[in-house]
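For reference, the chains in residue letters:
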Amino acid sequence: MVLYLKKGRERSLKRRHPWIFSGAIERVTGEPAPGETVEVRDSSGQVLALAAYSPASQIRARVWTFDAKASVDESFFRQKVHNALAMRRRLGAGSHTNAMRLVHGESDALPGLVVDRYADVLVAQFLSAGAERWREALLDALAEEAGCEAIFERSDAEVRKLEGLEPRIGFARGNRNASRCPIVEYGLNFRVDVEQGQKTGFFLDQRENRQRVRALCAGREVLDAFSYTGGFAIAALAGGAARVLAVESSKEAIEVARENLAANPLDASRMEFLNADVFSSLRTLRDKNRKFDLIVLDPPKFAPTASQAKNAARAYKDINLLAFKLLAPGGLLATFSCSGGVPAELFQSIVAGAALDAGVQAKVIERLGAAPDHPIALEFPEGEYLKGLLVLKG
Ligand code: SAH
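What you see is a predicted model; the values in this text were computed from it and never measured.

A few words on the overall build of the protein chain. Of the regular secondary structure elements, the protein chain holds eleven helices and 20 strands. Here the C-alpha radius of gyration of the protein chain, 22 Å, is about what a compact globule of 394 residues would show, namely 21 Å. Here the C-alpha coordinates of the protein chain stretch approximately 65 × 45 × 35 Å along the principal axes. At a minimum sequence separation of 6, the contacts of the protein chain that also span at least 24 residues come to 64%. Positive and negative side-chain charges of the protein chain, numbering 53 and 49 respectively, have mean locations separated by a distance of 5 Å.

Moving on, we come to empty space enclosed by the protein. Throughout the structure, instances matching the rule amount to one cavity of 30 Å³ or more. Taken as a whole, the largest cavity encloses approximately 40 Å³ of empty space. In terms of lining residues, the largest cavity is bounded by Arg101, Asp116, Lys199, Thr200, Phe202, Phe203, Leu204, Asp205 and His374. Tallied by class, residues from the lining of the largest cavity come to three nonpolar, two polar and four charged.

The next subject is the side chain of serine 227. The topology assignment puts serine 227 in the loop between β14 (221–225) and α7 (231–238). By relative accessible area, serine 227 is classed as buried at 4%. Ignoring sequence-local partners within four residues, the contact set of serine 227 consists of Ala246, Val247 and Glu248.

Domain boundaries in the protein chain define domain 1 (2–65), domain 2 (74–181) and domain 3 (203–393). Look at where the C-alpha atoms of domain 1 and domain 2 centre, and you get two points 25 Å apart. With both chains or domains summed, domain 1 and domain 2 bury close to 1,100 Å², and 61% of this area falls on carbon and sulfur atoms. Sorting the residues of domain 1 by area buried against domain 2 places Gly35, Arg62 and Trp64 first, and these three jointly supply 53% of that buried surface. In this structure, the connection of domain 1 to domain 2 is made through two salt bridges. Where glutamate 163 meets arginine 62, a salt bridge forms, and the shortest distance between an N and an O atom there is 3.0 Å.

Judged by how many residues are buried, strand β20 (residues 387–393) sits mostly within the fold: six of seven residues are covered. By the bridge criterion, six bridges tie strand β18 (residues 327–337) to β20 in an arrangement that is antiparallel. Note that in β20 the partner of leucine 333 across the bridge is valine 391. Both strand β19 (residues 362–369) and β20 contribute to a ladder of seven bridges, which runs antiparallel. Directly across from leucine 368, in β20, lies its bridge partner glycine 388.

Okay, the nonpolar core next. If you look at the biggest cluster of nonpolar residues, it comprises 43 residues, and the most contacted ones within it are Tyr118, Val194, Val244, Met271 and Leu294. Ranked by residues supplied to this core, first place goes to α7 with six residues. With residues up to four places along the chain from it excluded, the contact list for valine 244 reads Val222, Ala233, Ala236, Leu237, Arg270, Met271 and Glu272. If you look at the next biggest cluster of nonpolar residues, it comprises 33 residues, including Val278, Phe292, Val351 and Val391.

Another aspect to go through is the sheet that holds strand β2 (residues 19–21). Sheet architecture is open: six strands sit in the order β2-β6-β5-β4-β1-β3, paired in mixed fashion. Only two strands of the sheet have a single partner each, and these edge strands are β2 and β3 (25–28). Neighbour-to-neighbour, the strand axes of this sheet turn through a mean angle of 35°, independent of strand direction. In terms of strand pairing, strand β5 (residues 47–53) meets strand β6 (residues 59–65) through four bridges, oriented antiparallel. Bridge pairing in β6 places alanine 51 opposite valine 63.

In space, the five strands of this open sheet follow the order β7-β8-β9-β10-β11, with mixed pairing throughout. A single partner strand is all that each edge strand has here, and the edge strands are β7 (99–104) and β11 (168–173). Ignoring strand direction, the axes of neighbouring strands in this sheet form an average angle of 20°. As paired elements, strand β8 (residues 113–118) and strand β9 (residues 121–126) share six bridges and run antiparallel to each other. For leucine 113, the partnering residue across the bridge sits in β9 and is phenylalanine 126. The strands that helix α4 (residues 135–146) touches are β7, β8, β9, β10 (150–155) and β11; relative to β11, the one it contacts most, it runs at about 55°.

Now for the packing of aromatic side chains. The full count for this structure, using the stated rule, is 14 aromatic pairs. Between tryptophan 19 and phenylalanine 21, the aromatic rings sit 6.1 Å apart at their centres with planes inclined by 85°, giving edge-to-face as the arrangement. On the basis of relative accessibility, which here comes to 16%, the residue tryptophan 19 falls in the buried class. Overall, phenylalanine 21 belongs to the partly exposed group, its relative accessible area being 41%.

Looking now at the site of the ligand. In the vicinity of the ligand lie 16 residues, with Arg210, Glu248, Asp277, Val278 and Asp298 positioned nearest. Taking glutamine 198, its side chain carries an N or O atom lying 3.0 Å from an oxygen atom of the ligand. Within the backbone of valine 278, a nitrogen or oxygen atom sits 2.8 Å from a nitrogen atom of the ligand. Protein chains shield 90% of the accessible area of the ligand, which is 580 Å² for the free molecule.

Definitions and limits used
- Residues numbered from 1 in each chain as written.
- Predicted model: local features only at pLDDT ≥ 70, side-chain atom pairs only at ≥ 80, totals over all residues.
- Heavy atoms only, no water.
- Helix = DSSP H or I, 4+ residues; strand = E, 2+ residues; numbered from the N terminus.
- Rg over C-alpha atoms; globule rule 2.2 N^0.38 Å.
- Contact = heavy atoms within 4.5 Å.
- Lys, Arg positive; Asp, Glu negative; His and termini not counted.
- Charge placed at Lys NZ, Arg CZ, Asp CG, Glu CD.
- 1 Å grid on protein atoms, 1.4 Å probe; cavity = no way out; pocket = protein on both sides within 12 Å on 5 of 7 lines; lining within 4 Å.
- Points joined across faces, edges and corners; volume = space filled by probe spheres on them.
- Nonpolar A, V, L, I, M, F, W, Y, C, P; charged D, E, K, R; others polar.
- Buried < 20%, exposed > 50% of the residue type's maximum accessible area, 1.4 Å probe, protein only.
- Domains from an automatic or database assignment.
- Buried area = accessible area lost by both parts, 1.4 Å probe.
- Salt bridge = Lys/Arg side-chain N within 4 Å of Asp/Glu carboxyl O.
- Pairing = 2+ DSSP bridges.
- Core = buried A, V, L, I, M, F, W, Y, C linked by side-chain atoms within 4.5 Å.
- Axes fitted to C-alpha atoms, helices over the stretch in contact; angles between N-to-C directions.
- Phe/Tyr/Trp six-rings, centres within 6.5 Å; stacked < 30°, edge-to-face > 60°.
- Near = heavy atom within 4 Å.
- Polar contact = N/O pair within 3.5 Å; in protein donor to acceptor, adjacent residues only side chain to side chain.
- Areas by Shrake-Rupley, 256 points an atom, 1.4 Å probe, with all protein chains shown as cover.

Printed below as a string of structure tokens:
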């Protein structure tokens, strides 16, 4: 089966971008089923790639390989999984944690597949028609290459709907209680709720940033806004923070955060969990004239796509402005956006606007991003979703 591109629409493929949008397609021969492999040809008939067809999605095909002679079969996927795991081993990430992203979709040449490892349990997300089609082969390859018997599937992300796929949650291989997988990150213990936690259970992409914040907290008053299961808050306490206030709207997340705190030899009396909305809590704290030396703002994805960027910008500005007001002179703000629809320059200009309106002077002293087990393939800039700024007030 062949997918012919419109004249001139092969440009992004020539730069090795893996997505083919419906508008770029001239015609498709045969009737490829969801996830079936199609040959991609330019208007002159030259084969450019082999791709997974997704009839329901605007991203109508995702490239598996630019090698026209490759066979897309079980051994092809085994090799890709092998390569992804080998890269993590070379990074040496395993020397300070037993939890890491093993497969990061497009950036690991496996569009639509995300796999995280939490000690001896893998969590997999099949997010495209192509990944879904090769699910069994991928699961076999993952179990074997990672040496893990248990694979929990969290194919419940919203993007699956765009591919015309139903959600699927549960053990795909092995079975055990996975509501509290114990992991260790830089010597700190966390429990990951793989079954009901957000995304695959833990925000592994923030690992190095938690460690960075930890190094800056000695003796400081810290606010961790959007704290989920306490990642930054516990790192801050471990870094010697005088006191930490963690604000989070999910009761379940706070419950796990309390367990996480108890799982570490830390002085729990220096930690306060507040189950509340961050937007209103920041206002209350401001009205009470509370001050912090270090504030972490790690909100959820306000703008998954560029079309929501405007509303997202308002929300980012609001929380950053309030954070600047709550910071003591010389205080630090670690502020993040994980919105794919908000590029790094826009995020920085929003933070700049917030400082201006708050009437404070501030400087970016470091740029932060996702941990190296979440690589960004250069031909796939969409992979750069997590942006962070470490900002010094005054
Ligand atoms: N920093 C965390 C991850 C944060 S994810 C870590 O390192 O693990 C974002 C969190 O914000 C989620 O837990 C979500 O429940 C919470 N959240 C979303 N909207 C919120 C709001 N308005 N107020 C408080 N928490 C919110």
